[in-house]
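# Reading the structure
Single-letter residue listing:
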Amino acid sequence: MRETFTKGMARNIYYGGSVFFFLVLLGLTVDTVRSLPKTDNSQNLTEEVAAGKRLWEINNCIGCHTLLGEGAYFAPELGNVYTRYGENTEAIKIFIKSRPKDGIPGRRSMPQFNFTEEELEQIAQFLKYADGIKTARNWPPNIQG
Amino acid sequence: MKYQSQSIAKLYFIAAIGLFVGQILFGVILGLQYVMGDFLFPEIPFNVARMVHTNLLIVWLLFGFMGSAYYLVPEEAERELYAPWLAKLMFWIFLVAGALTILGYLLVPYATLAEITMNDLLPTMGREFLEQPTITKIGIVIVALSFLFNIGMTILSGRKTVINLVMLTGMTGLAVFFLFSFYNPDNLVLDKYFWWFVVHLWVEGVWELIMASILAYVLIKITGVDREVIEKWLYIIIAMALITGLIGTGHHFFWIGTPGYWQWLGSVFSALEPIPFFMMTLFAFNVVNKRRRDHPNKAATLWALGTAVMAFLGAGVWGFLHTLAPVNYYTHGTQITAAHGHMAFYGAYVMVVLTMISYSMPIMRGQKAGNDRAQIVEMWSFWLMTVSMVFITLFLTGAGILQVYLQRYSEDPMTFMVTQDKIEVFYWMREVAGLVFLAGLGAYITSFFVKGEEVKIA
Ligand code: HEM
Ligand code: HEM
Ligand SMILES: [Fe+2]
């Protein structure tokens, strides 16, 4: 690099730039968190939904599925599964309940989690809540996720 | 090796390589499950194998980073490590905690693991990459803090070089941002938003500092180029990394229920994120071209240049490919993401750790460089792993483009599962490339045992 551009200048850009943009990120984060209630469907965030989220987590559903496009890419997107299943939580529960214990020969299949009726309802409600989050441009692009 | 305590790095590097083997074995299992869905089902379902694959990756990279720091910090600071015993103790704690966690994934259902580790007290499990039981996470924090204390005290009471300060800053950032893994609100949007404070601010933020400092150190050693020049590069690279990468986090806030302005901010800033990676490429080639000596360790030079190129391709080019909001609208959460994830992690972080190992391991074993035959085997392993990773990336990109078209773009979109069947041939080819990668890893390990005429320390 040129002699006129000194190490001191590079160092100042590093310190100044990173502190400045860190503060910008902080500011934007405050603004984002403040404006979330408009889109995050928190009015429907019930105890039941929270319990469903915990079940979602402790069964590591994200290890196969995406949820709003994040997760693994082995199994379908679930951020819009409530819509895909005709806005019917019963249909979601029946699907989860009916997974064969030993899988399907030669094909990908979902484990049988042996959930209770109450747990099934909680998971279905969690997925319904997730579907209610208002994503920009209504992502995903279509019903197939 | 100037200081006795540097040799602690050897322990860390051996563990890193061992876990790397485990990571790749599980990668090959995952790849097979993509095409033979019932492989190992229900004993090792896909999600379990995936956790093992990704968590082993993270853990061995952390071993690699810490090992690198234990090697380079004393030499840069011109003193012994502050507390070598602490570094050894933390090594065993981290190794045992890591091994127990992986065994936990494999031996009991994940929900049971959550129960025995009392996830309910502070629920943090079950989010991608952060699947570790809460108690393991606490363990990671303890190890990280002890590590920071150890290198911090060494650096502060020794010579404070730019390389050391950047390494210390990067490692501190790594520990600080990891704390966000303990925040897991019920509100899904908030959860996702702050999840990226760990994942994105690691790989596109503070890890770049660690990477740049390791690269700078190795380049000084093998080229003998003036420190002033190297330090100037180092500063400007990490400046660009943070200037673009902090707001660049926004490329993950397009479609998760966050405000629309992120589409602009995230697109613009993350589109600039390739700059620091490109500068690393310029830097490495520039410095090697201006070298003042020909270091006998040709393999280390190859790794260093390879890192610079592959990090730019994987993070810079493949990152840019899907980082603009209008493109990401279609590619978000597809095989395109997986393609990029693989080449970026390999090109930047796997390769930089292997660069450091390549440079330092022969020295810790009492030679200046590996013998000629060992170096040839090592260079073979470089090409096998790197070229197969390029092919893994290309095949996944092919799969991803078709997936986007069939499932998201065409007039009459197919379901996810039908689409997966249509693109199966790409997954088969990925699996073959994965096996070549595994063979390359085999060659890599072999290279440590190849005998030949020793290259004595000058
Ligand atoms: C050093 C080499 C490797 C690195 C750094 C690496 C890294 C990763 C990362 C970061 C992920 C998470 C992907 C994401 O979320 O986008 C992942 C997932 C995966 N890896 Fe690897 N991997 C490596 C080698 C392999 C190999 C050799 C194979 C198999 C042939 C493989 C197969 C997979 C599969 C199938 C997934 C799951 C993708 C999904 O969720 O659908 N990996 N790997
Ligand atoms: C060495 C540096 C990098 C590494 C290790 C890395 C790794 C990854 C991984 C593993 C993911 C998937 C996360 C998930 O599972 O959801 C990801 C996502 C992403 N990365 Fe990177 N990345 C790096 C740099 C970059 C850069 C420089 C850019 C932009 C130029 C970029 C753009 C993206 C985008 C847009 C996504 C989101 C993909 C989606 O919407 O599904 N990355 N990255
Ligand atoms: Fe990112």
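Our subject is the structure that appears above.
Quick notes on the rules
Residues numbered from 1 in each chain as written. Chains lettered and ligands numbered in written order. Predicted model: local features only at pLDDT ≥ 70, side-chain atom pairs only at ≥ 80, totals over all residues. Heavy atoms only, no water. Helix = DSSP H or I, 4+ residues; strand = E, 2+ residues; numbered from the N terminus. Buried < 20%, exposed > 50% of the residue type's maximum accessible area, 1.4 Å probe, protein only. Axes fitted to C-alpha atoms, helices over the stretch in contact; angles between N-to-C directions. Parallel < 35°, antiparallel > 145°, perpendicular 65-115°, else oblique. Left-handed = near helix turned anticlockwise from the far one by under 90°. Contact = heavy atoms within 4.5 Å. Disulfide = S-S within 2.5 Å. Near = heavy atom within 4 Å. Polar contact = N/O pair within 3.5 Å; in protein donor to acceptor, adjacent residues only side chain to side chain. Donors = N, O, S within 2.8 Å, 3.2 Å for Na, K, Ca; no water. Lys, Arg positive; Asp, Glu negative; His and termini not counted. Salt bridge = Lys/Arg side-chain N within 4 Å of Asp/Glu carboxyl O. Core = buried A, V, L, I, M, F, W, Y, C linked by side-chain atoms within 4.5 Å.

Most of the time, phi is negative for any residue but glycine, and the peptide bond is trans. For the peptide bond that leads from Trp139(A) to Pro140(A), omega is 0°, which places it in the cis range. Counting through the fold element by element, Pro140(A) comes out in the segment after α5 (117–131). Here the amide bond leading from Phe41(B) into Pro42(B) is cis, since omega sits at 0°, within 30 degrees of zero. Topologically, Pro42(B) is positioned in the loop between α1 (8–35) and α2 (46–77). Positioned with a positive phi, Asn41(A) is a non-glycine residue whose angle comes to about 60°. Not every positive phi belongs to a glycine, and Glu87(A) is a case in point at roughly 50°. With respect to the helices and strands, Glu87(A) occurs in the loop between α3 (81–84) and α4 (89–97). Glu87(A) sits in the exposed class, given a relative accessible area of 53%.

Next up on the list: the packing of helix α8 (residues 227–248) of chain B against helix α9 (residues 261–271) of chain B. Residue and element names in this part refer to chain B. Here α8 crosses α9 at 155°, and the two axes come no closer than 8 Å. In terms of their interaxial angle, α8 and α9 are classed as roughly antiparallel. Crossing of α8 over α9 shows left-handed handedness. Contacts between α8 and α9 pair Ile243, Thr244, Ile247 and Gly248 from the former with Trp262, Leu265, Gly266, Phe269 and Ser270 from the latter.

Our focus in this paragraph is the state of the cysteines. Taken as a whole and assessed by the stated rule, the structure comprises zero disulfides over all chains. The closest cysteine sulfur to the non-disulfide-bonded Cys61(A) is located on Cys64(A), 8.7 Å from its own sulfur.

In the neighbourhood of ligand 2, 27 residues make up the surrounding shell, with Glu128(B), His332(B), Gly333(B), Thr337(B) and His340(B) lying closest. Chains contributing residues near ligand 2 are chains A and B. In the model, an oxygen atom of ligand 2 is placed 2.8 Å from a nitrogen or oxygen of the Asn328(B) side chain. For ligand 2, an oxygen atom lies 2.6 Å from a polar atom in the side chain of His332(B).

The next subject is the coordination of the iron atom of ligand 2. All names here are of chain B. Coordination of the iron atom of ligand 2 by the protein comes from a single atom, His340 (NE2), at 2.0 Å. Metal-to-metal, the separation of the iron atom of ligand 2 and the iron ion (ligand 3) is 4.3 Å. If you trace the backbone, His340 turns up in helix α13 (residues 335–364).

Turning to the site of ligand 1, a few remarks are in order. Lining the immediate environment of ligand 1, one finds 30 residues, of which Gly27(B), Tyr34(B), Arg50(B), His53(B) and His342(B) sit closest. Neighbouring residues of ligand 1 are distributed over chains A and B. Within the side chain of Tyr34(B), one N or O atom sits 2.3 Å away from an oxygen atom of ligand 1. With respect to ligand 1, the side chain of His53(B) contributes an N or O atom lying 2.7 Å from a nitrogen atom.

Residues and elements named next belong to chain B. Relative to the elements of secondary structure, Arg430 occurs in helix α16 (residues 424–447). Comment: no salt bridge for buried Arg430; closest opposite-charge side chain is Glu431, at 4.9 Å. Once residues within four sequence positions are removed from consideration, Arg430 is found in contact with Gly31, Tyr34, Ile392, Phe395 and Leu396.

For the rest of this paragraph, the subject is the nonpolar core. Core analysis: the largest hydrophobic core is formed by 199 residues, its most contacted members being Trp60(B), Phe65(B), Trp207(B) and Leu219(B). Counting residues per element, this core draws most heavily on helix α7 (residues 188–223) of chain B, at 27 residues. Counting six residues, the second largest nonpolar core, distinct from the first, contains Ala136(A), Trp255(B), Ala325(B) and Tyr329(B).

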